[in-house]
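Overview (structure and organization)
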Amino acid sequence: MSTTTTETPAADAGVQLTDGFHVLVDALRLNGVQTIYGVVGIPVTDLARIAQASGIRYIGFRREDSAGNAAAAAGFLTKRPGICLTVSAPGFLNGLPSLAAATVNCFPMIQIAGSSQRPLVDLQRGEYEELDQLAAARPFAKAAYRIDRAEDIGRGVARAIRAAVSGRPGGVYLDIPGQVLGETIDVAAAAKTLWRVTDPAPQQVPAPEAVDRALGLLAGAERPLIVLGKGAAYAQSDEQVRAFVEATGIPFLPMSMAKGLLPDDHPQSAAAARSLALSRADVVLLVGARLNWLLGQGEAPEWSPSATFIQADIDATELDSNQPIAAPLVGDIGSVMAALTDRAKPGQITAPAGWRAELDARKDHNAAAMRARLAEDPSPMRFFNALRAVRDVLAGRPDVYLVNEGANSLDITRDVIGMQVPRHRLDSGTWGVMGIGMGYAIAAAVEAGGPVVAIEGDSAFGFSGMEIETICRYKLPVTVVILNNGGIYRGDGVNAASADPAPTVLDPSAHHERLIEAFGGTGYHVTTPGQLTQALGTAVASGQPALIDCVLDPSAGAESGHIGNLNPQPLANPAPIPAPSR
Ligand code: ADP
Ligand code: MG
């Protein structure tokens, strides 16, 4: 116990006091917290200082959503809750979108926010930054708690950690009023209130009958398929996953953040034959992947209407959310996959050769089309030849953490850039959210040491672009590549009605590289694939902050990328709505 003490002359002889700040920092340290991502201000500035003095690394951001995104990515990468620190009301609210996204993505994080005086807030007396933050956070978090007394700090931290990482991970909100941070407490009493959470995410082993039921279905399959999701990547059970996939020979399909769990060039990967694999599979094993919109809710026409689903997930309430789950495997991915391997009888499960040949033929066909696409060399550059240049560099650097957001920038990068190593791809995730880029990049650099390459649409970059300063301030090994087509989706939109730019248009002549130059990083402005390859190679090798503005044809890009079908369609020729008669 290392609670820092303050001698107070007025106090009884022998009584040594500390305060809520120090108790909170000690509670975090005791539970292995090494890094806090945040933005300081009233009432948490000293909390960051005291944390830093204690040996915790404090990474200060320019806006709370990026700090929260960094904490969420840290949670995904480490399996321990990432910590985000925010001030009261507005700062708290800025952090909330990242807390919500972490919860949706099943990433463990804790947003700790300072808050204003409860007696004034609760009577709505017009307190400084008055907001009932606990109530506001609750709908967006897996759990939300407030610490009302210094003696409860240890309990609050333990509870937040347990809630964030046990079962399905998610975002936890922890409210700490300024008064509690400033509250004094006897160090001996404080010491007794702290504890280290034992086994925060206990192993969850599936029942043998459940495992045998799943194996029975797989044994009878003609066209089995394994879908690997980011829950499988998160579980850090790479060997158990690989062992079952390879022992059975069943084709697998990685969801975007599960790319690299098994290498993308693995012979069993069906990624390049995705639509065929989904539409033809008869028995599907979902491994840490939800049957949500990203998998067409498991419905026809994307899937065969007669497909049978087996689902491995830590959260039993996920099962049957979209389709009947014929064989539930409730447990952690490591335990489930190990049990499947252990209980399979020799030769019980195989992938029929005809099915693998069918997928391989489609893969070859699609790969040839992709090669042809990548070989084209339009000038100005478009997405494919720009990403070919990126791919050529990253092929030799499997250690690079790839952060990726945008619309076309996301879709096409996912298809063009293969991943070889687990948990090295961080992207827009379940919500398809824009603005995660710089926060995720900073977390990958801080938690794993990098190197990081963030491939960003110019529009997506704008949501967290100011964090370029954070990247430079901490001298992080991050290279940002902006696929700059001058717009949301594309930059050639036309407004026929006025001189204002069309809604999708940004500045097609922007020089984003000048942003990083303002903060001491290295900027590049490239217009050809050759220049891009060279700039990226140099930037990654330097290990220093860099930004490459990559000029694309403003006409490159599809509206909403691959999901344009989600846009409601206006009528081509709507009748004018008559003026109201009254
Ligand atoms: P993707 O978007 O890659 O398809 P999802 O985020 O939809 O992945 O699904 C992840 C699933 O993984 C969630 O349903 C979550 O409950 C589950 N999950 C998270 N961690 C674990 C774990 N350690 N073991 C088993 N399942 C997990
Ligand atoms: Mg764009």
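Residues numbered from 1 in each chain as written. Chains lettered and ligands numbered in written order. Predicted model: local features only at pLDDT ≥ 70, side-chain atom pairs only at ≥ 80, totals over all residues. Heavy atoms only, no water.

1. Quick word on the overall build of the protein chain
In terms of helices and strands, the protein chain carries 22 helices and 19 strands. Structurally, the protein chain occupies a C-alpha span of about 85 × 70 × 70 Å along its principal axes. Taking the intrachain contacts of the protein chain between residues at least 6 apart in sequence as the baseline, contacts between residues at least 24 apart amount to 75%. In the form shown here, the protein chain has an accessible surface area of approximately 24,100 Å², with 54% of it arising from carbon and sulfur atoms. For the protein chain, the distance from the average site of its 46 positive side-chain charges to the average site of its 60 negative ones is 3 Å. (Helix = DSSP H or I, 4+ residues; strand = E, 2+ residues; numbered from the N terminus. Contact = heavy atoms within 4.5 Å. Areas by Shrake-Rupley, 256 points an atom, 1.4 Å probe, with all protein chains shown as cover. Lys, Arg positive; Asp, Glu negative; His and termini not counted. Charge placed at Lys NZ, Arg CZ, Asp CG, Glu CD.)

2. So, the domain arrangement of the protein chain
Assigned domains within the protein chain: domain 1 (6–192), domain 2 (208–360) and domain 3 (376–559). The interface of domain 2 with domain 3 comprises 16 residues on the first partner and 13 residues on the second. Overall, the association of domain 2 and domain 3 removes approximately 1,300 Å² of surface from exposure, summing both partners, and the carbon and sulfur fraction of that is 49%. Summed over the three residues of domain 2 that lose the most area to domain 3, namely Ser256, Met257 and Lys259, the buried surface amounts to 41% of that side. At the junction of domain 2 and domain 3, the tally comes to one salt bridge. For arginine 423, the salt bridge goes to aspartate 238, with nearest N and O atoms at 2.8 Å. Counting the contacts that link domain 2 with domain 3 gives nine residue pairs in polar contact (both at pLDDT 80 or more). When the residues that make up the side of domain 2 that touches domain 3 are grouped by side-chain class, the tally is six nonpolar, four polar and six charged. (Domains from an automatic or database assignment. Buried area = accessible area lost by both parts, 1.4 Å probe. Salt bridge = Lys/Arg side-chain N within 4 Å of Asp/Glu carboxyl O. Polar contact = N/O pair within 3.5 Å; in protein donor to acceptor, adjacent residues only side chain to side chain. Nonpolar A, V, L, I, M, F, W, Y, C, P; charged D, E, K, R; others polar.)

3. Observations regarding a nonpolar patch on the surface
On the surface, Trp293, Ile563 and Leu566 cluster together to form a nonpolar patch covering roughly 280 Å² of accessible area. Its location among the elements puts tryptophan 293 in the loop between β11 (283–287) and β12 (308–313). Residue tryptophan 293 is classed as partly exposed on the basis of its relative accessible area, which comes to 34%. (Patch = residues over 30% accessible without salt bridge, like charges linked within 9 Å, V, L, I, M, F, W, Y side chains within 5 Å. Buried < 20%, exposed > 50% of the residue type's maximum accessible area, 1.4 Å probe, protein only.)

4. Focus: the side chain of asparagine 408
Counting through the fold element by element, asparagine 408 comes out in helix α17 (residues 408–416). Look at asparagine 408 and you get buried, because its relative accessible area is 6%. A distance of 3.3 Å separates a polar atom in the side chain of asparagine 408 from the backbone oxygen of tyrosine 489. In contact with asparagine 408, other than residues within four places in its own chain, are Phe383, Thr413, Tyr489, Gly557, Ala558 and Gly561.

5. Let's talk about the sheet that holds strand β2 (residues 35–38)
As summarised here, the arrangement of the six strands in space is β3-β2-β4-β5-β7-β6, forming an open sheet in which the pairing is parallel. At either margin of the open sheet sits one strand with a lone partner, and together these are β3 (57–60) and β6 (143–146). Taken over all neighbouring pairs, the strand axes of this sheet differ in orientation by 20° on average, direction set aside. (Pairing = 2+ DSSP bridges. Axes fitted to C-alpha atoms, helices over the stretch in contact; angles between N-to-C directions.)

6. Brief notes about the environment of alanine 100
With respect to the element layout, alanine 100 can be found in helix α4 (residues 89–105). Residue alanine 100 is classed as buried on the basis of its relative accessible area of 6%. Sequence spacing of alanine 100 and proline 139 is 39 residues, and the spatial spacing of their C-alpha atoms is 8.4 Å. Beyond its immediate chain neighbours, meaning those up to four positions away, alanine 100 contacts Phe140 and Trp431.

7. Some remarks on the nonpolar core
Residues Tyr37, Tyr173 and Val480 are the most contacted members of the largest nonpolar core, which totals 53 residues. In this structure, tyrosine 37 is in contact with Ile59, Phe61, Ala67, Ala70, Ala71, Ala74, Ile83, Cys84, Leu85, Ala443, Val446 and Glu447, ignoring residues within four places of it in sequence. Membership of the second largest hydrophobic core comes to 40 residues, among which are Leu28, Val180, Leu181 and Ile185. (Core = buried A, V, L, I, M, F, W, Y, C linked by side-chain atoms within 4.5 Å.)

8. Thoughts on the site of ligand 1
Residues in close proximity to ligand 1 total 20 residues, the closest being Arg168, Lys230, Arg290, Asp313 and Ile333. With respect to ligand 1, the side chain of arginine 290 contributes an N or O atom lying 2.8 Å from an oxygen atom. Interatomic distance of 3.0 Å between a backbone N/O atom of isoleucine 333 and a nitrogen atom of ligand 1. With three residues, helix α11 (residues 230–234) is the single largest residue contributor to the shell around ligand 1. Residue composition of the shell around ligand 1, grouped by class: eight nonpolar, six polar and six charged. Two domains each provide a minimum of three residues to the shell around ligand 1, namely domain 1 (6–192) and domain 2 (208–360). (Near = heavy atom within 4 Å.)

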